[in-house]
Every structure is written in C-alpha cells, then in structure tokens.
Amino acid sequence: MFNAEHDRAIIQEIAEALCPELPDKPTLVDLSKFVELAANWDRVHDLTAAKSPEALAEILCADAFVLARHPSLSQGFSVLDVGSGGGAPAIPLALLREDLKFTLYESRQKRVAFMRLAIGSLQIHERVKVIQGHLDPDAPQVSGMPFDLAMSRATFSLEQWMRTGLLMAPRVALFAVNDHDFAPVPEGYQASDLPYTLPISKAPRLIRVQYESGKQGLKSSIDD
C-alpha cells in the first residue's frame, strides 16, 4: 500500500503543508521508510484503518509535523506516548526532532513488536524505547516519570487522558477534531490549541497542549 521510494512525494506534500521549515531529504527518506514498514505490517496485523497510501501517511505523520516545530517541545525534552499502537506520532516525531527522547508505552504485544522493529530499522533505539504494559489511569506508573510531555492518541477519553497525563508530566498533548471535544481546563492549568487541516483529506484536526500555569505552552496555530 505504500512504497518508500515511489510514494515519498506524499510525505513531502504533507511536510510542505504543515512544516514550513521543510525537513532535510534524509529525514523525509526515513519517514517514508517508517510508513512503508507500517504498510507491510498492516497487511497481516491490521495496524491502522488506512485504505490508501495517502491516508496512511497522514495518520502516521501529520501530527508529528505539527508538533515538531513548536516551542512547547523544548530542546532535550523527554516525551511519553501512551497507547502508542503503530508508533505514531512518536516515531515520526523522533525522526523530526533528534534532540528529544521518547518512551512508548503499549499493551498489545504485536504492536510492541512492530515498534521495536521500526525503531531498530531506523536506528533510533538510543533515543526511543518501548515498554509493554497496562497503564492504570488512576495511578499510572511508568519508568522515567516524570516526563516533560505526555501524549496519547485515541487510547482514553480526552477527559480521562487529561487527568492521567497530568499525573505523569507537567504538559499533556490531547488530539481531537475540534475544541468541542475537550473538557474544561482544570484550575491552575492553561491550554494552547493548534488547529490544522490534513493537507490531503482536508479533514479538520486539533492538538491541545495543556500545561501548568506559568509554564511554556504552544503559542501559535497552523492556518487551514
């Protein structure tokens, strides 16, 4: 469904739309390799619901392009991704930001196996590790806590993840379609929203980074 050499232009199109400072060619090559690995794994293990190369590339890479260039991800931050599944957005973000360190937390063995394969193939194992386990959302325990940023996509309800993520990091990233999906921001916290449109499917998306008052959040948004 995705060929790293033939379909690389899809990754470049997404990058040009969402990341004004276009990643260098080797990074785009690595992103294409990651999407191809996911496509090959998807044939047997149903890694994603994507039905086309374009849909797969957007699912795996778009959020990473949006997050990669914003100031809430300061140099050297440690990032936790809970329910990593197919490795997105964490693995593409790791390719885009070589200064960041990642812990990917996932319960399903086959998806853990895929992420370890991808991390090894892309030679990012020194900065990215995978932990297999089941997270208690009310009393989460992950080696390396506290992290600088915790994120999770489609694993918990947004309201639950907001509470759980803030137990593990002072900044939490939430992923939704629009701001109506979010619960009220709790007292003592602020939120910065990043609305954007997927460049190929034209579907709306919104990333919210919630953080303790007085700490840096995301300051800008991406125009449609």
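Up top is the structure.
Overview of the structure. (Residues numbered from 1 in each chain as written. Predicted model: local features only at pLDDT ≥ 70, side-chain atom pairs only at ≥ 80, totals over all residues. Heavy atoms only, no water.)

**Observations concerning the packing of helix α2 (residues 25-45) against helix α5 (residues 109-121)**
Between α2 and α5, whose axes approach to 10 Å, the crossing angle comes to 155°. One way to sum up the angle between α2 and α5 is to call them roughly antiparallel. As α2 packs across α5, the resulting crossing turns out to be right-handed. Touching Phe34, Leu37, Ala38, Trp41 and His45 of α2 are Lys110, Ala113, Phe114, Leu117, Ala118 and Ser121, all from α5. Along the lines of polarity and charge, the residues of the contact of α2 with α5 split into eight nonpolar, two polar and one charged. (Axes fitted to C-alpha atoms, helices over the stretch in contact; angles between N-to-C directions. Helix = DSSP H or I, 4+ residues; strand = E, 2+ residues; numbered from the N terminus. Parallel < 35°, antiparallel > 145°, perpendicular 65-115°, else oblique. Left-handed = near helix turned anticlockwise from the far one by under 90°. Contact = heavy atoms within 4.5 Å. Nonpolar A, V, L, I, M, F, W, Y, C, P; charged D, E, K, R; others polar.)

**So, the nonpolar core**
If you look at the biggest cluster of nonpolar residues, it comprises 57 residues, and the most contacted ones within it are Phe65 and Phe102. If one sorts the elements of this core by residue count, helix α3 (residues 53-68) sits on top with ten residues. Counting 19 residues, the second-largest nonpolar core is a separate cluster that includes Leu80, Trp161, Leu174 and Ala183. (Core = buried A, V, L, I, M, F, W, Y, C linked by side-chain atoms within 4.5 Å. Buried < 20%, exposed > 50% of the residue type's maximum accessible area, 1.4 Å probe, protein only.)

**Notes on the environment of Pro26**
As for its position among the elements, Pro26 is in helix α2. Residue Pro26 is classed as exposed on the basis of its relative accessible area, which comes to 54%. For the pair Pro26 and Pro195, spaced 169 residues apart in sequence, the C-alpha to C-alpha distance is 28 Å.

**Some points on α3**
With 16 residues, α3 extends 22 Å between its outermost C-alpha atoms, agreeing within 8% with the 22 Å of an ideal straight helix rising 1.5 Å per residue. Its maximal kink placed at Cys61, α3 deviates by approximately 40°. Within α3, 13 of the 16 residues are buried, leaving the element largely enclosed by the surrounding structure. (Expected span 1.5 Å × (residues − 1). Bend = angle between axes of the 7 residues up to and from the residue.)

**Remarks on the pairing of strand β4 (residues 149-152)**
The two faces of the sheet receive side chains in turn, since in a regular strand these alternate between them. Side chains Leu149 and Met151 of β4 all project onto a buried face; the interleaved residues Ala150 and Ser152 project onto the opposite face, where all are buried too. In this structure, strand β1 (residues 78-82) lies alongside β4, joined through four bridges in parallel fashion. Each bridged residue has a counterpart across the sheet, and for Val79 the counterpart in β4 is Leu149. Note that β4 and strand β5 (residues 171-176) share two bridges and pair parallel. (Pairing = 2+ DSSP bridges.)

**So, the sheet that holds β4**
Spatial ordering of the open sheet is given by β3-β2-β1-β4-β5-β7-β6, a layout of seven strands whose pairing is mixed. Strand pairing shows two members of the sheet lacking a second neighbour, β3 (128-132) and β6 (189-197), which therefore form its edges. Adjacent strand axes in the sheet meet at a mean angle of 20° when their direction is disregarded. Pairing of β5 with strand β7 (residues 204-212) involves six bridges; the strand directions are antiparallel. Note that in β7 the partner of Arg171 across the bridge is Tyr211. Taken strand by strand, α5 contacts β2 (101-106) and β3, and its axis lies near 165° from that of β3.

**Here's the deal with the packing of α2 against α3**
Two quantities define a packed helix pair, namely the angle between the helix axes and the distance between the axes. The contact between α2 and α3 brings their axes to 9 Å, and the two run at 140°. By the criterion of interaxial angle, the relationship of α2 to α3 is oblique. Handedness of the crossing formed by α2 with α3: right-handed. Between α2, through Leu31, Phe34, Val35, Ala38 and Ala39, and α3, the contact on the second element is made entirely by Leu56, Ala57, Leu60, Cys61 and Phe65. Class assignment for the residues of the contact of α2 with α3 results in ten nonpolar, no polar and no charged.

**Digging into the pairing of β1**
In terms of burial, β1 is a largely internal element, four of the five residues being buried. Sheet topology places β1 next to β2; five bridges connect them, and they run parallel. In the sheet register, Val82 faces β2, and the bridge partner there is Tyr105. Handedness of the crossover is the feature at issue here: the chain leaves β1, passes through helix α4 (residues 90-96), returns alongside β2, and the resulting connection is right-handed. (Right-handed = clockwise from strand over helix to strand, strands pointing away.)

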